[in-house]
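# Survey of secondary and tertiary structure
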Amino acid sequence: MIDKSPIGNTQFPEDCDGTQGNLPVEAGNCSVIHTCDICPKVIFESEKALERHIEIRHKSLMEGINFLLGKEHSDFTIELSDEKRAALGAKAFDVAKKRDAGHGMLECASIARQQLQRIVDVWHPGAEVFIFGSSLVMSSWDGKSDIDFAVVDPHAYVQRKWPPEEKNAVRELTDLCKSAGFKVSSLECVDTARVPIVKHKTLQDSLLNTVANTKPAEKARRSICLTYRSEKVKTTEALRAWLEKETETATIEEIIDEGQCNATVTFTTSTNAMVAMIKVNNGQKRRLNEYFSARIMDERFPPEAHCIDFDLCLRQFGIRNSEYLRKLHTLYDNSPFLRSGAVVLKEWSKLWGLNNSFMGFLTSYAINIMWIFFLVKRDVIPYASPYDTPENPREALREPTYVPILPQSAGSSEVQIKMGSLLADFFKFYATEFDWEKNVVSLNRPGITTKKSIGWTSENEIKLSRQSKNVQYVVCIEDPYEPNLNLGRHLGVCKARKIKAEFRRAALSVINDNADECIMFTSKYKKQVQVPIKEPPREIFEEVQKVVYDSFGSTGAQFTPDSLRQMLIESCPNAFQALSNYWNWKILVRRLGLRQVGDQIHKRACFDFLSEKLRGKPAFKVPVQGSPIKAVGRDTIDDCAVAPVCTPNIVKASFTPFSPLSRQHSCGFQRLHSHSLGNVLKMLRFTRI
Ligand SMILES: [Zn+2]
Ligand SMILES: [Zn+2]
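Nothing here was measured: the structure is a model prediction, and the numbers come from that model. (Residues numbered from 1 in each chain as written. Chains lettered and ligands numbered in written order. Predicted model: local features only at pLDDT ≥ 70, side-chain atom pairs only at ≥ 80, totals over all residues. Heavy atoms only, no water.)

### A word on the overall build of the chain
The condition is simple: Secondary structure counts use DSSP, requiring at least four H or I residues in a row for a helix and at least two E residues in a row for a strand, with both numbered from the N terminus. In this scheme, a residue with accessible area under 20% of its type's maximum is buried, one over 50% is exposed, and one in between is partly exposed, where area comes from a 1.4 Å probe on protein chains only. For this analysis, residues touch if any pair of their heavy atoms sits within 4.5 Å. Under the convention used here, a 1.4 Å probe and the Shrake-Rupley method define accessible areas, while residue burial counts only the protein chains that appear.
Looking only at helices and strands, one finds 25 helices and 17 strands in the chain. For the chain, the residues scored as buried account for 56% of the 689 residues in total. Pairs at least 24 residues apart make up 73% of the contacts formed inside the chain by residues separated by at least 6 positions. Summing over all exposed atoms, the chain offers an accessible surface of approximately 31200 Å²; the carbon and sulfur share of this is 51%.

Here's what the structure looks like:
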């Protein structure tokens with residue numbers, strides 16, 4: 001749940017505080033600015049102008065979306081046979097089951113928490129380790145995904161003295177983890193992030209499985225190797241006495257003298273072994289003329305905390321909303337349907353790009369709120385106010401108690417029919433029933449919340465600030481706790497349509513496809529979209545520019561679109577061909593400083609400026625296309641896009657800096673590309689199924 005993405009970071013919404021001051025329009029002025037959420041720097045005076053921009057500029061992108069949002073799909077009923085609904089439900093349970101590795105695995109996570117608690121005890125007595133995030137909400141764990149831990153001193157929190165200085169705190173905790181035997185290579189102290197964390201990644205697959213399920217591991221994970229040089233400690237008896245004093249407990253089961261001042265010490269539990277390791281290693285600083293150090297006896301079988309991937313932060317924010325969601329996910333008769341559906345919808349939304357906070361779409365958390373809101377609306381679960389869950393983490397669970405994800409009789413067709421019906425109805429609800437224009441998806445109060453009633457109207461939107469700080473109210477999903485936080489704030493006109501289209505698509509697939517082929521469960525119909533890298537190599541463009549400027553400038557020729565195209569094909573066929581891999585005709589004409597009016601090509605104001613720049617430059621001829629290889633993008637963002645086929649020369653040329661856009665900009669033209677445009681395009685575009 002810890003999310004360090006630049007856009008759409010719903011877990012740590014501080015970046016939105018106070019941005020209201022950035023409003024570019026005076027409050028009294030009241031005129032609403034229209035912006036495109038793909039081209040962040042362009043302003044439109046009216047909704048109509050924006051629509052026209054989207055229609056022209058994002059035509060290919062919106063084609064599939066408009067197809068799904070079209071009138072012919074606006075009204076439908078989902079009437080499915082019981083067989084079909086049971087098949088959908090059974091499939092959903094199959095997906096959900098994978099998310100639950102059973103009671104034993106969750107137990108390991110709890111033991112890991114207790115071990116981290118012992119580390120924290122050394123650091124700050126009174127601070128407590130909480131498990132939050134999806135393993136707490138679901139009350140089960142898949143044995144693989146990251147566990148989220150929060151370290152909070154509830155007493156200090158009440159006095160507003162928590163969190164402490166986080167940078168130092170995560171550094172100190174990282175050091176303590178190292179003395180507890182954590183491998184340096186698998187620990188990362190992320191102290192420069194907005195929310196500093198200690199990050200642990202095991203570098204070994206299914207380490208926990210090995211440790212939890214093999215016989216020799218049982219004893220090994222309770223044992224440590226001790227090396228000591230001391231005048232006072234010469235025998236194993238003396239060592240036992242020293243250790244018991246040092247660790248303030250009597251938990252030693254066995255000491256084996258390995259000779260040369262080495263001993264293997266086995267404790268009653270793996271947690272006790274870890275405590276001993278911390279105390280021995282951490283106490284070394286205060287020892288004079290004595291040396292004691294402890295390490296894990298067998299690297300293959302370390303204590304549980306070493307075997308799981310986790311993020312550890314010092315903020316309490318996630319504890320309360322996890323606790324609220326956990327209650328909803330476990331307390332009611334119908335909670336098993338809520339749990340199973342939540343798993344399915346998380347996977348569906350990730351698969352189809354609605355759930356991608358990095359790209360400014362939604363988070364799993366937001367999708368889950370939508371699912372719960374729907375279930376409350378349908379009286380499947382009762383309404384429960386988020387404010388009934390206390391703010392003070394003292395009341396919250398430290399770790400989940402295991403509850404299987406599936407309902408008890410998931411095999412019965414009656415239960416499967418219910419699951420299938422709920423999922424189908426969910427898609428229909430958001431595709432056709434829910435009024436996105438007027439209403440807010442909200443658990444903050446029972447009944448309907450309108451945008452107007454909480455002031456989430458277009459007058460209060462924040463646009464034209466840094467894109468990640470923009471707040472829009474097109475798609476409204478209210479965060480249960482963070483005041484005035486819209487979880488859909490980064491969705492503008494285009495992205496909102498994508499979201500709505502995905503609900504339509506899922507609903508249509510539920511109706512038309514059989515359960516195995518339903519896009520709720522499969523990516524079979526998802527096509528890899530090819531996105532060209534955003535700018536062509538400078539040399540190619542310059543060759544075309546030169547041809548155009550020469551013929552316009554010296555001969556004063558008049559062109560129609562056809563004759564211009566013909567002239568380019570004759571004068572610079574390779575360059576023209578290569579350019580059309582990047583730009584369509586309309587954009588090419590524009591970039592050349594021209595304008596197409598009816599059947600005539602005219603110069604624009606910047607034409608002379610552009611041609612002046614090129615004068616005197618030596619001509620460059622694009623070589624004939626050789627064996628095609630893939631071009632590589634100029635920076636990492638381009639790497640995400642699938643590059644078009646290019647010659648090696650073009651690949652080489654594409655690494656040189658190039659800025660026709662900034663040149664045009666200086667002539668008074670708006671920039672039309674955001675840095676991550678290629679990525680956004682990739683997210684938005686899809687083909688018909
Ligand atoms: Zn746009
Ligand atoms: Zn934000």
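What follows picks up the thread again.
### What to know about the nonpolar core
Using the following cut-off: Definition of nonpolar core: a set of buried residues of the types Ala, Val, Leu, Ile, Met, Phe, Trp, Tyr and Cys, connected through side-chain atoms within 4.5 Å.
Core analysis: the biggest nonpolar cluster contains 86 residues, and Trp348, Trp371, Phe426, Phe427, Tyr430 and Phe503 have the highest contact counts within it. The biggest single contributor to this core is helix α14 (residues 364-377), with 11 residues. Not counting residues within four places of it along the chain, the set of residues in contact with Tyr430 comprises Met370, Phe373, Phe374, Trp436, Val441 and Phe503. In this structure, Ala156, Ala169, Val190 and Phe317 belong to the second largest nonpolar core, which totals 71 residues.

### Description of the pattern of salt bridges
Our working definition: Whenever a carboxyl oxygen of Asp or Glu lies within 4 Å of a side-chain nitrogen of Lys or Arg, that contact is scored as a salt bridge.
Evaluated as defined, the whole model comprises 28 salt bridges. One salt bridge in this structure joins Lys91 and Asp516, with 3.4 Å as the shortest N-O distance. Placement of Lys91 in helix α3 (residues 82-97) and of Asp516 in the loop between α16 (493-512) and α17 (538-553) is noted, with a sequence separation of 425 residues between them. Between Glu128 and Arg398 there is a salt bridge; the shortest N-O distance is 2.8 Å.

### Some details on helix α10 (residues 236-247)
Selection rule: By this rule, a helix spans an expected 1.5 Å times one less than how many residues it contains. Picture the helix axis, draw a direction to every C-beta atom, and the arc is the one those directions span.
A rise of 1.5 Å per residue sets the reference length of α10, with its 12 residues, at 16 Å; its end C-alpha atoms lie 16 Å apart and thus fit the reference within 8%. All of the buried residues along α10 are Leu239, Trp242, Leu243, Glu246 and Thr247. The buried residues of α10 occupy an angular sector of 115° when projected down its axis, which confines them to one face. Opposite its buried face, α10 presents the exposed residues Glu237 and Lys245, each directed more than 90 degrees away. On its buried face, α10 sits against β7 (223-229), β8 (252-259), β9 (262-267), α11 (270-282) and β10 (291-296). Of the residues trailing α10, Glu248 is marked for its positive phi of about 60°.

### A short note on the packing of aromatic side chains
Formally: Think of it this way: a Phe, Tyr or Trp ring, Trp meaning its six-membered ring, pairs with another when their centres are within 6.5 Å, and the plane angle makes it stacked under 30 degrees, edge-to-face over 60, tilted otherwise. Working rule: Lys NZ or Arg CZ, within 6 Å of ring centre, within 35 degrees of ring normal, means a charge sits over the ring.
One pass over the full model with this rule turns up 31 aromatic pairs. Measuring from centroid to centroid gives 6.1 Å for Phe182 and Phe310, while their planes differ by 85°, and the two rings are edge-to-face. Of this pair, Phe182 sits in the loop between α7 (166-179) and β5 (187-190) while Phe310 sits in strand β11 (residues 310-313), and the two are 128 residues apart along the sequence. When sorted by exposure, Phe182 lands in the same class as Phe310, which is buried. Against the face of Tyr157 rests Arg160, its NZ or CZ located 5.7 Å from the ring centre.

### As for the sheet that holds strand β3 (residues 128-132)
Test applied: The pairing criterion is simple: DSSP has to find at least two bridges between the two strands. Where helices are involved, their axes are fitted lines through C-alpha atoms of the stretch in contact, as for all axes, and angles between N-to-C directions lie from 0 to 180°.
Reading across the sheet, the five strands line up as β3-β4-β11-β6-β5 and stay open at both edges, with mixed pairing between neighbours. Two strands in the sheet have a free side with no partner beyond their single neighbour: β3 and β5. Going across the sheet, the axis of each strand differs from the next one's by a mean of 20°, ignoring polarity. Taken together, the five bridges between β3 and strand β4 (residues 147-152) define a ladder with antiparallel strand orientation. The partner of Glu128 across the bridge, within β4, is Val152. On the sheet, helix α4 (residues 103-123) packs against β3, β4 and β11 and is oriented at approximately 150° with respect to β3.

### Side note on the confidence of the model for the chain
Stated formally: Confidence scores here are pLDDT values: one per residue, from the predictor, ranging 0 to 100.
Overall, the prediction assigns the chain a mean pLDDT of 81, with 82% of residues at 70 or greater. Every residue in residues 1-30 is under pLDDT 50, and counting partners more than four places away or in other chains gives 69 contacts. Scored below 50 in pLDDT, residues 685-689 makes 18 contacts in the model with residues more than four places away or belonging to other chains.

### Details of the packing of helix α1 (residues 47-57) against α16
Which entries qualify depends on this criterion: Here roughly perpendicular refers to angles of 65 to 115 degrees, roughly parallel to angles under 35, roughly antiparallel to angles over 145, and oblique to all remaining angles. Residue classes follow a fixed rule: Ala, Val, Leu, Ile, Met, Phe, Trp, Tyr, Cys and Pro count as nonpolar, while Asp, Glu, Lys and Arg count as charged, and any other residue, Gly among them, counts as polar.
With their axes 11 Å apart at the nearest point, α1 and α16 run at an angle of 65° to one another. The angle between the axes of α1 and α16 places the two elements in the roughly perpendicular class. Contact residues: α1 offers Leu50, Glu51 and Ile54, while α16 offers Val493, Cys494 and Arg497. Residue composition of the contact of α1 with α16, grouped by class: four nonpolar, no polar and two charged.

### Comments concerning the environment of Ala220
For Ala220, the position within the fold is in helix α9 (residues 215-220). Judged by its relative accessible area of 4%, Ala220 is buried. Spatially, the C-alpha atom of Ala220 lies 8.5 Å from that of Ile296, the residues being 76 residues apart in sequence. Contacts of Ala220, omitting those with residues within four sequence positions, involve Met297, Asp298 and Phe301.

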